[in-house]
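Observations on the model geometry
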Amino acid sequence: MQVTHPGGLIADAKADITQHEIAALKTRYNLADAHTHQRQSPTQRAIVESLPSIWYEAENHSQYASEQAFIEAFYRFHGQQHALKRSDNIYLVYAASIGMHITATYLQKTKARVGLIEPCFDNLPDLMKHMQVSLSPLPEHLFKAAEGVYANLAVWTKDLDAIFMVDPNNPTGFSLFNPGPEAFKEVVRFCVDHDKLLILDLCFAAFLMTSGQPRCDIYEILENSGVRYIAMEDTGKTWPLQDAKCATLLASQNINDDIYPIVTSVLLNVSPFVLRLITRYIEDSGKDNFASVRNLLDVNRECARDHLDSPYLKYCEPQIKSSVAWFEIQDPKQRADELQAYLLEDEIYVLSGKYFYWNNPEQGQRYIRIALAREAGLFSDAMKAIKKSLGGYFE
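Attention here is on the structure that accompanies the text.

Calculation notes
Residues numbered from 1 in each chain as written. Predicted model: local features only at pLDDT ≥ 70, side-chain atom pairs only at ≥ 80, totals over all residues. Heavy atoms only, no water. Phe/Tyr/Trp six-rings, centres within 6.5 Å; stacked < 30°, edge-to-face > 60°. Buried < 20%, exposed > 50% of the residue type's maximum accessible area, 1.4 Å probe, protein only. Helix = DSSP H or I, 4+ residues; strand = E, 2+ residues; numbered from the N terminus. Contact = heavy atoms within 4.5 Å. Pairing = 2+ DSSP bridges. Axes fitted to C-alpha atoms, helices over the stretch in contact; angles between N-to-C directions. Right-handed = clockwise from strand over helix to strand, strands pointing away.

This part is about the packing of aromatic side chains. Between two aromatic rings, the relevant description is the distance of the centres plus the angle of the planes. Inspection of the entire model under this criterion finds 19 aromatic pairs. Summarising the aromatic geometry, the rings of Phe 74 and Tyr 75 are spaced 5.2 Å apart at their centres and angled 80° between planes, so their arrangement reads as edge-to-face. Each member of the pair Phe 74 and Tyr 75 is classed as buried. Between Trp 326 and Phe 356, the aromatic rings sit 5.5 Å apart at their centres with planes inclined by 80°, giving edge-to-face as the arrangement. A residue pair is termed long-range when its members are at least 10 positions apart, and Trp 326 in strand E12 (residues 324–329) and Phe 356 in the loop between strand E14 (351–352) and helix H14 (361–364) qualify at 30 residues. Taken individually, Trp 326 and Phe 356 each receive the classification buried, so the pair is uniform in this respect. In this structure an aromatic cluster arises from ring pairing among Phe 77, Phe 204, Phe 207, Trp 239 and Phe 290.

Structure follows, in structure tokens:
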């Protein structure tokens, strides 16, 4: 199906989610990308007003000092003190996709066969495929009961060299750490016993703090186990910084010497000004217990549920409440692609679930994803517009 709305934007068969997100930037109600588009909190506005001082602070300190200040603030905020024991091996890159590219390069060089969770954000399988890395799907349900994880992996990963997890998962909100870390520990134990590389995309991990329990120290579990691992984290989905961001990459000591030359082939450093700026935002969230981020997302999530959870769409309750909402289309005859195109007639851009189901796109036609990190008033207007459109689409 192809639809052109009055502004001239065409919804057609895009190649990937990012192409849809680029197109969505032109619409009135962009609910496609999970980047942070909300306004500043009062304390964040104070940080913006101090930008000149942050600039000179970065100018008056070494690159290394800015990096270590960021690393210290970031990992302590997330309760990951064990990682700080290897702070000089934590590599900083200016986007999570760069960390993914470094990881994919390593997997290509080692000719690793990788099992990747499904569903997940489609740039992960796309990057792997572009680097000609062999991929096999690992359905999310394999990991949902801690007592069954080890046995499931024994069946599904016999011919694989690496297990690639996203936690919390984008778009479903599934986590190996909810209600506790038992399932994660089983994955680690399996990888140690069977000499598998464990790869972790933790770019939404800040939202583990919304689960009502402290985030366990993941790196303590990893380091004490002796597992080979690569773990990536990110700031880009957390703080409203107009895409000023930093991602981190930490590899186990036994593969670090192989990872480092790939890192240095990609970039020298992240801007010290950006690092100092993000550090201020992290410190601010430490003072308000993450409220400036969490409260807005809670308001918008409930707004989405109130307006859209209906005979047409079912809100899928996540284990971890992140910055996206996942809805299941209730009529089995309707497809997400067609609903997406219909909503675009009213300049509302949501994402079809087919791209997240990278190995089985048809299964994803049952779902749409809505981004929550938007100004509350605009988001409320968007939900009202979707609700009105749904009535015309399904009836």
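After that view of the structure, there is still more to cover.
All right, on to the side chain of Asn 89 then. With respect to the helices and strands, Asn 89 occurs in the loop between helix H4 (63–77) and strand E4 (91–93). For Asn 89, a relative accessible area of 17% corresponds to the buried category. The residues contacting Asn 89, other than those within four sequence positions of it, are Leu 249, Leu 250, Gln 253 and Asn 256.

This part is about the sheet that holds strand E6 (residues 134–139). Strands sit in the order E4-E10-E9-E8-E7-E5-E6 across an open sheet of seven strands; the sheet is mixed. The sheet terminates laterally at E4 and E6, the two strands that pair on one side only. With strand direction ignored, the average angle separating the axes of adjacent strands in the sheet is 20°. Relative to strand E9 (residues 229–234), strand E8 (residues 197–201) runs parallel, the two being bridged by four bridges. Its bridge partner lying in E9, Ile 199 is registered against Ile 230.

Once that is clear, we can look at unusual backbone geometry. With an omega dihedral of 5°, the bond running from Glu 118 to Pro 119 counts as a cis peptide bond. Looking at the element boundaries, Pro 119 is found in the loop between strand E5 (113–118) and helix H6 (123–130). Positive phi, normally seen in glycine, also occurs at Asn 289, with a value near 55°. For Asn 289, the position within the fold is in the loop between helix H11 (272–287) and helix H12 (291–308). Assessed through its relative accessible area of 57%, Asn 289 is described here as exposed. At Glu 347, a residue that is not glycine, the phi angle is positive and equals roughly 55°.

Attention now moves to the pairing of E6. Judged from the six bridges that link them, E5 and E6 form a sheet pairing that is parallel. Bridge assignment links Leu 116 to a residue of E6, and that residue is Pro 137. This β-α-β element, E5 to H6 to E6, shows right-handed connectivity.

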